[in-house]
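What the coordinates show
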Amino acid sequence: TMETDGNHSSTTEPRMWSDFEDDQVRREVVNSSYGSERITVRNESQSVSYDPADNTVTRHDTTGTTVYTPVKSLLNASEITYEERERVDGESTYRLSLVSNESMGAKANATLWIDTDTYFPKKMHVSPESEEMSYTMTMAFSNVSLNTEIPDSRFSIEIPDNATEPQQTTSSIETYDSLDELRDAATVSVPDPDVPGNYSFDEGRITDRDDHYSLSLTYTDGADTLSVSKRPATDYNFSDSEDFESVELGDRTGWYDGFDDSGVVAWECGEYSYSVHGKASKAALTATARSMVCA
């Protein structure tokens, strides 16, 4: 189960078979809040996913990579501290605290409960430390069988001959240390917002895909960050959501959502969607948005 900003939640129920001796994993999403089912088989050379509803298949080269499960990946990239024994669903577990290291790319705190007999996970709770992400994720494990033989057929998928394979899009992400470099590289106008006085430009980023082109600018006061983004319009109707309240942005209407000590103001102008997000007051975020409405 994943909860975002404390207001939204989604649940996914996967089934998984793992053969670490031969580097093979099969994952079936059988129930999801998003309504989609998917079967994925991965080994040391390829990952294949099939969506029965859309009758589509995607393939990715995994040569040179190691097959991991999410828990194993986090364990390999974290500092682990033993906390205490604790019962989970009536069973004895060891409770561990995990703090991810730099190899994870983004810092995350996690609590892991492992069975005292098998050392297999019973539950894991993850919360990232990031200004750009605000969510918590809880994984629970049930109906676990260990050290049982898994037939090779489990690690293959019967894909219909008429299944389609969507064309893979090319994508690049470039970062820039100065506004001048970002403006020189961008193919669209770059916003120049009036940010709170204690913030200064930290980094710019351009994401360029076949079907998507976007800009993001990050400002920092040394401790916290403020993010500004410009991307293709989504035509999302914010008024349909109870989470957003309208704010006045000159001749435009913006939409504010606050959570904990952070917030976001989002709006659209012409063919672009904009947002300002960070650990700042509603007034500060709105003022920043108002200074760059259609930049």
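Each chain carries its own residue numbering, running from 1 in the written order of its sequence. Local features in this predicted model are restricted to residues of pLDDT 70 or higher, and side-chain atom pairs are both shown and tallied only at a pLDDT of 80 or more, whereas totals for entire chains, interfaces and linings draw on every residue. With hydrogens and water excluded, all non-hydrogen atoms of the structure serve as input to the side-chain values.

Structurally, the α-helix is built with 3.6 residues per turn, so residues lying three or four positions apart point the same way. Each residue's exposure class comes from its accessible area (1.4 Å probe, protein chains only) as a fraction of the maximum for that residue type: buried when under 20%, exposed when over 50%, partly exposed otherwise. Under the scheme used here, helices are H or I runs from DSSP no shorter than 4 residues and strands are E runs no shorter than 2 residues, and both carry numbers assigned from the N terminus. Within the sequence span of helix 3 (residues 282–290), burial applies to Leu285, Thr286, Thr288 and Ala289. Seen end-on, helix 3 carries its buried residues on one side only, within an arc spanning 160°. Think of the arc as the fan of directions from the helix axis to the C-beta atoms.

Here, a disulfide means two cysteine sulfur atoms that sit within 2.5 Å of each other. Summed over all chains, the structure comprises one disulfide. Covalently, Cys269 is tied to Cys294 through a disulfide, its sulfur atoms 1.8 Å apart. The sign of the S-S torsion, about 100°, decides the handedness of the disulfide formed by Cys269 and Cys294: right-handed. Residue Cys269 is located in strand 19 (residues 262–269), and its partner Cys294 is located in the segment after helix 3; the two are separated by 25 residues in the primary sequence. Classification of Cys294 as partly exposed rests on a relative accessible area of 42%.

Quick look at the pattern of salt bridges now. The term salt bridge refers to a side-chain nitrogen of Lys or Arg lying within 4 Å of a carboxyl oxygen of Asp or Glu. Here the structure, examined in full by the defined rule, presents twelve salt bridges. As a salt-bridge pair, Arg95 and Glu84 come within 3.0 Å of each other at their nearest N and O atoms. Of this pair, Arg95 sits in strand 9 (residues 91–100) while Glu84 sits in strand 8 (residues 78–88), and the two are eleven residues apart along the sequence. By relative accessible area, Glu84 is classed as partly exposed at 36%. Where salt bridges share partners, they join Glu84, Glu86 and Arg95 into one cluster.

Distances and angles like these do not, on their own, reveal function.
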